[in-house]
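A structural walkthrough
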Amino acid sequence: TTVATNLAIYFRALREDLPVLLIGLDDHQLIDRMFEIQAGASGPAIESALRSGDLAPAIRLGQYGVHYVPSSPDMSDLKREIDDPFYLQSVLMRTGWEGLVIIDTKSDLEVLTQNAIAASDLSIVVVHDTACLPQAQKLYALLDQWAVPRERARVLLSLVDRRIKYAEGEDVLGFLISRIRALGFPLFETFLSRSHTIEALYTNPEG
């Protein structure tokens, strides 16, 4: 979520003429807290918008010029109703959004996450330790199953603490990069460092 929200703001700052829509397929309200202009505004949320097959009535203009769809605490109900991994793709086409869409998902590969992957030109696979790699393997296996090029997903190393060293003198970044390259996963050249600034984004006196 930290990556998705900051990407949305970054792209708006980079190109102010580019409409950016942020969608959260989770049941938390971090996106609402970050982008909401008018607290308690009425209108459909992501769950009811997906059920109707059109996101347009639910889209709101938020802070920093980023558009977003309000979250819903009832997303788990939707998971039991959708079994087509390409449903979100058809909804987005029906919505007709002319711009960039950023989709935030959970880290598991349940049906809503599969829908996000199927609808995306590029999936960012966030990895911060070796325990994340089996989940990344499952994602690339899913792309292989769909006959989708692996380049449609790319690993982003996040919260990397280079102060961690191993007996051979290698740091955690070098270790993770070598493991990911050995697995043949496309990888971003850059990475996100472990940072107190990033960790404090959602816990600060200003809310």
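You'll find the structure just up there.
Heads up: these notes are all about the structure in this document. The shown structure was predicted, so the numbers you read here are calculated from the model rather than taken from an experiment.

1. Thoughts on the pairing of strand β7 (residues 187-193)
Bridge count for strand β6 (residues 153-160) against β7 is 3 bridges, and the pairing is parallel. Considered in β7, the bridge of valine 160 is made with serine 193. One crossover worth recording links β6 to the parallel β7 by way of helix α8 (residues 172-183), and it is right-handed.

2. Let's talk about the sheet that holds β7
As summarised here, the arrangement of the 3 strands in space is β5-β6-β7, forming an open sheet in which the pairing is parallel. Every interior strand has two partners, whereas the edge strands, β5 (123-127) and β7, have only one. Looking at each pair of strands side by side, their axes are set apart by 25° on average, direction ignored. Of the pairings in the sheet, the one linking β5 to β6 comprises 5 bridges and is parallel in character. Paired with valine 126 across the two strands is leucine 156, which belongs to β6.

3. Describing a nonpolar patch on the surface
A cluster of nonpolar side chains, contributed by Leu122, Ile124 and Val126, occupies part of the molecular surface with about 210 Å² of accessible area. Take valine 126: it is sitting in strand β5. With relative accessibility at 39%, the residue valine 126 sits in the partly exposed group.

4. Considerations on the side chain of aspartate 104
Assignment of secondary structure puts aspartate 104 in strand β4 (residues 100-104). No salt bridge forms around the buried aspartate 104; measuring N to O, its nearest opposite-charge neighbour lysine 106 is 10 Å away. Apart from the residues within four sequence positions on either side, aspartate 104 is in contact with Thr1, Ala4, Ile23, Gly24, Leu25, Asp26, His28 and Ile31.

5. Details of the packing of helix α5 (residues 87-95) against helix α6 (residues 111-119)
Close contact between α5 and α6 brings their axes to 7 Å; oriented N to C, the two are set at 55°. For the element pair α5 / α6, the angle class is oblique. Residue-level contacts link Tyr87, Leu88, Gln89 and Leu92 of α5 to Asn115, Ala116, Ala118 and Ala119 of α6. The residue inventory of the contact of α5 with α6, partitioned by class, reads 6 nonpolar, 2 polar and no charged.

6. A closer look at the side chain of arginine 60
Secondary-structure assignment places arginine 60 in strand β2 (residues 60-61). When neighbours within four sequence positions are excluded, arginine 60 is seen to be in contact with Glu36, Ala41, Ser42, Gly43, Val66, His67, Tyr68 and Pro70.

7. Let's talk about the sheet that holds β4
Pairing is mixed in the open sheet, where 4 strands are placed in the order β2-β3-β1-β4. In this open sheet, the two strands that pair with only one neighbour each are β2 and β4. Pairing of β2 with strand β3 (residues 67-68), which is carried by 2 bridges, proceeds in the antiparallel orientation. For leucine 61, the partnering residue across the bridge sits in β3 and is histidine 67.

Each value, and the rule that gives it
Residues numbered from 1 in each chain as written. Predicted model: local features only at pLDDT ≥ 70, side-chain atom pairs only at ≥ 80, totals over all residues. Heavy atoms only, no water. Pairing = 2+ DSSP bridges. Helix = DSSP H or I, 4+ residues; strand = E, 2+ residues; numbered from the N terminus. Right-handed = clockwise from strand over helix to strand, strands pointing away. Axes fitted to C-alpha atoms, helices over the stretch in contact; angles between N-to-C directions. Patch = residues over 30% accessible without salt bridge, like charges linked within 9 Å, V, L, I, M, F, W, Y side chains within 5 Å. Areas by Shrake-Rupley, 256 points an atom, 1.4 Å probe, with all protein chains shown as cover. Salt bridge = Lys/Arg side-chain N within 4 Å of Asp/Glu carboxyl O. Buried < 20%, exposed > 50% of the residue type's maximum accessible area, 1.4 Å probe, protein only. Lys, Arg positive; Asp, Glu negative; His and termini not counted. Contact = heavy atoms within 4.5 Å. Parallel < 35°, antiparallel > 145°, perpendicular 65-115°, else oblique. Nonpolar A, V, L, I, M, F, W, Y, C, P; charged D, E, K, R; others polar.

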